[in-house]
Amino acid sequence: MAFNPHSLSLLRFRASFLSLNNSPISHPLLLPKRPLEFSPRPPSHHSITIGATSSRRRTVSASGFTWDDVFKIANSPHDSPDLRGFFDRVTFCNRGSGLLQDKQHEFMPFFVNDQIVGYVHEDFAGHLQKFCDVFVFHQNNSHSHHAGNHVMLHPMLMTPDQRTTALADVVRCLGEELIPGIRNELYPVTSSFGTPVFFSLERAAAPYFGIKAYGVHMNGYVERAGQKYLWIGKRSEGKQTYPGMLDHLVAGGLPHGIACGDNIVKECEEEAGIPSSISNEAIPVGAVSYMDIDGYRYKRDVLFCYDLKLPEGFIPENQDGEVESFKLIPVADVANVIRKTGYFKPNCNLVIIDFLFRHGFIRPEEFGYLKLLQSLRSGDCS
């Protein structure tokens, strides 16, 4: 289906989901078995609700919106003739794109064994200088063979375990005031994906050291009567990051010591109750990347993308308390929400836009097609 506002307006489906939206689902029927009717006007709730929270809940959300707000946007006219809304979402994820060269006086390379593994802001480096048994700082006029100001790990830290322990002590000493959101989850530190791991670092600290971080993001979709639907989650209001915002069915960082495919299976079970008999069918479909400089933080993220076509009767159920509720929403409506709002966790937009390309909802006839496609890999995808 082309992501075209004129043709989409003629192909709006009415799904008899209203009774499901107003009560918990306790039976295996996911979609109505009778044929979907054409309707010239969109229904008020074109989705299914899963979870304790009703779609009509009006309590205040930490994210500033509820499912009702999402539905209003999703079902509003698809009236944008271009891709500007998508470009806005990509630009937000790449706030630092092109700035590193202009701000070289603010960020210094972080070396391990003559390999650049990150970038550290000069003001944040001031907090690291007191750890003289962990970091060695070189000025521009030093005799080091590395050009310009840079920071290295102390040569006495020779093994990955020694480095990991030393950095963990640093992060613990700096604490939540400087590195908020510490979650005791380790990320591998490498110069590029698949190369040897120099050490492991607390996940929350990765952007403060400019470490490349990797994640896995999965679009879970259902296909019925020629139309595709995406399962969308609303993050718990208690999440440390992006509480109450919209998310993929499954997503997670790639911690040390686990392969991408194994991580998808693990996250599927934890976040959506998807058994391995189903999640093993998830298909790797590529990657997106972005670069974001925000104060001391320099995010260099690569997200491995997966698609999973789910059985029509499967209902996701969160297992780890990190998702408030799920909705099954037509892909074209999800695209509308992305174009018109900032409701999604920012990097999720990139992965869903990539899905829109691959499933024909964004087509070459639309102005800016190639530029948007290229922008999905604005970061160092290595």
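(A) Here's a closer look at the overall build of the protein. When helices and strands are counted, the protein shows twelve helices and 16 strands. For the protein, with 382 residues in total, the buried portion stands at 55%. Considering only contacts within the protein whose residues lie at least 6 apart along the sequence, 70% involve residues at least 24 apart. For the protein, the computed accessible surface area is about 17100 Å², with 54% contributed by carbon and sulfur atoms.

(B) Focus on the nonpolar core. Counting 40 residues, the largest nonpolar core has F86, I232, L246, F344, I353, I362 and L372 as the members making the most contacts within it. Every element with two or more residues in this core is listed here: α3 (67-74), α4 (84-93), β11 (227-235), β14 (283-294), β15 (297-309), α10 (331-340), α11 (346-358) and α12 (369-375). Sorting elements by how many residues they give to this core places α11 first, with eight residues. Counting residues in hydrophobic clusters, the runner-up holds 32 residues, among them A125, L153, A166 and I179.

(C) Looking closely at the confidence of the model for the protein. Across the protein, pLDDT averages 83, with 79% of residues at or above 70. Counting interchain partners and residues more than four positions distant, the pLDDT-below-50 stretch residues 1-46 has 110 contacts. Confidence over residues 142-146 falls short of pLDDT 50; this stretch has six contacts with residues more than four positions distant or in other chains.

(D) Representation of the state of the cysteines. The final tally for this structure, using the stated rule, is zero disulfides. Among the cysteines around C93, which has no disulfide bond, C348 carries the closest sulfur, lying 8.8 Å off. We classify C93 as buried; its relative accessible area is 4%.

(E) Highlighting the pairing of β11. Summarising burial for β11: nine of the nine residues are buried, a large majority. Here β11 shows no split at all, with Q227, Y229, W231, G233 and R235 on one side and K228, L230, I232 and K234 on the other all buried. The antiparallel hairpin formed by strand β10 (residues 212-224) and β11 contains two residues in its connecting segment, where A225 sits at a positive phi of about 55°. In the sheet, β11 pairs with strand β16 (residues 323-330) via seven bridges, with the strands oriented antiparallel. Its bridge partner being in β16, I232 is matched across the sheet by K327. The sheet contact formed by β11 and strand β12 (residues 246-247) spans two bridges and is antiparallel. Across the sheet, the residue bridging to K234 is L246, located in β12.

Scoring rules and cut-offs
- Residues numbered from 1 in each chain as written.
- Predicted model: local features only at pLDDT ≥ 70, side-chain atom pairs only at ≥ 80, totals over all residues.
- Heavy atoms only, no water.
- Helix = DSSP H or I, 4+ residues; strand = E, 2+ residues; numbered from the N terminus.
- Buried < 20%, exposed > 50% of the residue type's maximum accessible area, 1.4 Å probe, protein only.
- Contact = heavy atoms within 4.5 Å.
- Areas by Shrake-Rupley, 256 points an atom, 1.4 Å probe, with all protein chains shown as cover.
- Core = buried A, V, L, I, M, F, W, Y, C linked by side-chain atoms within 4.5 Å.
- pLDDT = per-residue confidence, 0-100.
- Disulfide = S-S within 2.5 Å.
- Pairing = 2+ DSSP bridges.

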